[in-house]
Amino acid sequence: MTTDPIADYLTRLRNAIHANHRVVEIPASNLKKEITKILFDQGYILSYKFEDENGPQGIIKIAIKYDKVTKEPVIRKIQRISKPGLRKYASSTELPRILNGLGIAIVSTSHGVMTGKQAKAENVGGELLCYVY
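Residues numbered from 1 in each chain as written. Predicted model: local features only at pLDDT ≥ 70, side-chain atom pairs only at ≥ 80, totals over all residues. Heavy atoms only, no water.

Student: Explanation requested: the overall build of the protein in the structure shown.
Tutor: Secondary structure assignment for the protein yields three helices and eight strands. Traced from its N-terminal end to its C-terminal end, the protein shows the element sequence α-β-α-β-β-β-β-β-β-α-β. Over its C-alpha trace the protein gives a radius of gyration of 15 Å, about what one expects of a compact globule, namely 14 Å for 133 residues. For the protein, the C-alpha atoms occupy an extent of roughly 40 × 40 × 25 Å along the three principal directions. Counting every position in the protein, which comprises 133 residues, the buried fraction comes to 42%. Taking contacts inside the protein between residues at least 6 apart in sequence as the whole, the part at least 24 apart equals 62%. Accessible surface, the protein as shown: approximately 7700 Å² in total, 51% of it carbon and sulfur. In the protein, which carries 20 positive and 13 negative side-chain charges, the distance between the mean positions of the two groups comes to 6 Å. (Helix = DSSP H or I, 4+ residues; strand = E, 2+ residues; numbered from the N terminus. Rg over C-alpha atoms; globule rule 2.2 N^0.38 Å. Buried < 20%, exposed > 50% of the residue type's maximum accessible area, 1.4 Å probe, protein only. Contact = heavy atoms within 4.5 Å. Areas by Shrake-Rupley, 256 points an atom, 1.4 Å probe, with all protein chains shown as cover. Lys, Arg positive; Asp, Glu negative; His and termini not counted. Charge placed at Lys NZ, Arg CZ, Asp CG, Glu CD.)

The following block contains the structure:
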């Protein structure tokens, strides 16, 4: 049992990238599914699949994206920001720019999980879940 399922999700993804795996399986939850959709929409992962037949929780299968020429992973760094012991919140005006706009911040808002740019456009703040670049 993990006390921080988002950190577990990010660590499994990070470990699979460091081990040069093509696919990683992660236990599913609604928040993890939304983060996966954002990573896919922003081009950080190749594809994903939600499998619900493995018990009530289900599994997320993520195909990791690598550069065709250099074989380097597209995700250089994925970092958890808000932790259960120290939550980090930001208003719409305080949302950070990651690598001068090249990376993304994933934010949990009252309007759902979205990138920092989308949250700023919708003028909503929320909990900073992670940075990806």
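Student: Explain the sheet that holds strand E1 (residues 23-27) here, please?
Tutor: Where strands meet in a sheet, backbone hydrogen bonds hold them as pairs that are either parallel or antiparallel. Read from one edge of the open sheet, three strands run E1-E3-E2, paired in antiparallel fashion. The sheet is open, and its two edges are formed by E1 and strand E2 (45-51), each paired on a single side. Taken pair by pair, the neighbouring strands of this sheet meet at an average axis angle of 20°, ignoring direction. With five bridges joining them, E1 and strand E3 (residues 59-64) adopt antiparallel strand pairing. (Pairing = 2+ DSSP bridges. Axes fitted to C-alpha atoms, helices over the stretch in contact; angles between N-to-C directions.)

Student: I would appreciate a short explanation of helix H1 (residues 5-18) in the present structure.
Tutor: Along an α-helix, residues three or four positions apart point the same way, because every turn accommodates 3.6 residues. The terminal C-alpha atoms of H1, which comprises 14 residues, lie 20 Å apart, in line with the 20 Å expected from a rise of 1.5 Å per residue. For H1, the full list of buried residues reads Ile-6, Asp-8, Tyr-9, Leu-10, Leu-13, Ala-16 and Ile-17. In this fold, the buried residues of H1 make contact with E1, helix H2 (30-41), E3, strand E4 (78-80) and strand E8 (126-132). Just beyond H1, the residue with positive phi is Asn-20, at close to 60°. (Expected span 1.5 Å × (residues − 1).)

Student: Would you explain the packing of aromatic side chains in this entry?
Tutor: Aromatic rings considered in pairs are described by the distance between their centres and by the relative angle of their planes. For the structure shown, the criterion picks out two aromatic pairs. Each ring, one from Phe-40 and one from Tyr-48, has its centre 5.3 Å from the other, and the planes form 75°; the classification is edge-to-face. Classification of Phe-40 as partly exposed rests on a relative accessible area of 35%. With a centroid separation of 5.1 Å and 45° between ring planes, the pair formed by Tyr-48 and Phe-50 is classed as tilted. A residue is classified by how much of its surface remains accessible, and Phe-50, at 26% relative accessible area, is partly exposed. Through a chain of ring-to-ring contacts, the aromatic side chains of Phe-40, Tyr-48 and Phe-50 assemble into a single cluster. One residue, Lys-33, lies across the ring of Phe-50, its end atom 5.3 Å from the ring centre. (Phe/Tyr/Trp six-rings, centres within 6.5 Å; stacked < 30°, edge-to-face > 60°. Lys NZ or Arg CZ within 6 Å of the ring centre and 35° of its normal.)

That is the geometry; function is a separate question.
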